[in-house]
Amino acid sequence: MRHYGQMTLRTKALLVHLFTASGAVFAMLAMLEAVEQKWDMMFLWLVVAFAVDGVDGPLARRYDVKRNAGEFDGVLLDLIIDYLTYVFVPAYALFKSGLMPGWTGWFAIIVITFTSALYFADTRMKTKDYSFSGFPGCWNMVVLVLFALTPNFYVMVLLIAALAIAMFFPVKFVHPVRTERWRTLTLPMALAWTWFAGWAAWVDFDPQSMAHWGLVVTSIYLLCAGAVQQIMFGKDG
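Calculation notes
Residues numbered from 1 in each chain as written. Predicted model: local features only at pLDDT ≥ 70, side-chain atom pairs only at ≥ 80, totals over all residues. Heavy atoms only, no water. Helix = DSSP H or I, 4+ residues; strand = E, 2+ residues; numbered from the N terminus. Expected span 1.5 Å × (residues − 1). Buried < 20%, exposed > 50% of the residue type's maximum accessible area, 1.4 Å probe, protein only. Contact = heavy atoms within 4.5 Å. Polar contact = N/O pair within 3.5 Å; in protein donor to acceptor, adjacent residues only side chain to side chain. Axes fitted to C-alpha atoms, helices over the stretch in contact; angles between N-to-C directions. Left-handed = near helix turned anticlockwise from the far one by under 90°. Nonpolar A, V, L, I, M, F, W, Y, C, P; charged D, E, K, R; others polar. Salt bridge = Lys/Arg side-chain N within 4 Å of Asp/Glu carboxyl O.

(A) Here's a closer look at helix H7 (residues 153–166). For H7, spanning 14 residues, the distance from its first C-alpha to its last is 20 Å, which sits close to the expected 20 Å at 1.5 Å a residue. Buried within H7 are the following residues: Met156, Val157, Ile160, Leu163, Ala164 and Ala166. On its buried face, H7 is in contact with helix H4 (74–96), helix H5 (103–120), helix H6 (139–149) and helix H9 (211–233). Where H7 starts, the residue carrying a side-chain oxygen 2.8 Å from the main-chain nitrogen of Tyr154 turns out to be Asn152.

Have a look at this one:
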């Protein structure tokens, strides 16, 4: 009976790895839509990948994948898929969509891909309270909001530059699941952002959609909550 229980736990751990790996498939589906410039469908697949990324971490910890299926490195697998879905596909979309014409588009894809590659390899990206140290390269969220709001491209240049610099400054950004402080608010905000993102993509970023306001409110919270905590409770608080 004990042996059966161990096998069952190992099977569950392996299934978590397979679930995480499905994000690579969703990344490819998003990329195929991006090549066809079907931005609404591209973002829908990225939202699905974002949801998978939000669920697989708690599952990995619950079934202790490092111990029960340690031949696969779950952290490395997650980082590979995150780079595709958080960085590579959104950067391509920003460049090809025409939102940032001429040199601004080149600036965006070079800065986003280069700085994110360095950040994803940085062993100091997590703080003691499991927040992120520096902007965590969530360009999928940033680019989706840019598609929804379509600000002036100079505003986009300044935003991308500021966030790229913020990746390497010791400013906290909350992890919706793992940062315990304010989690009862942060987690619903992250879920709401996912809902509004899917809604905005579903209606092809119709400027009349109320999803845009939801994206603005939830994005501001998720962007600023960690820094506010750091001001209120200190760097290690």
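(B) Main features of the packing of H6 against H9. Across the interface, H6 lies against H9 with an axial gap of 10 Å and an inter-helix angle of 145 degrees. Remark: the crossing between H6 and H9 carries left-handed chirality. From H6, Met141, Leu144, Val145, Ala148 and Leu149 reach across to H9, where they touch His212, Leu215, Val216, Ser219 and Leu222. For the contact of H6 with H9, the class distribution of residues is eight nonpolar, two polar and no charged.

(C) Quick look at the pattern of salt bridges. Under the defined criterion, the tally for this structure stands at three salt bridges. A salt bridge links Asp122 to Arg124, with the shortest nitrogen-to-oxygen separation between them at 3.0 Å. For Asp122, a relative accessible area of 16% translates into the label buried. The residue Asp129 makes a salt bridge to Lys172 at a minimum N-O spacing of 3.2 Å.

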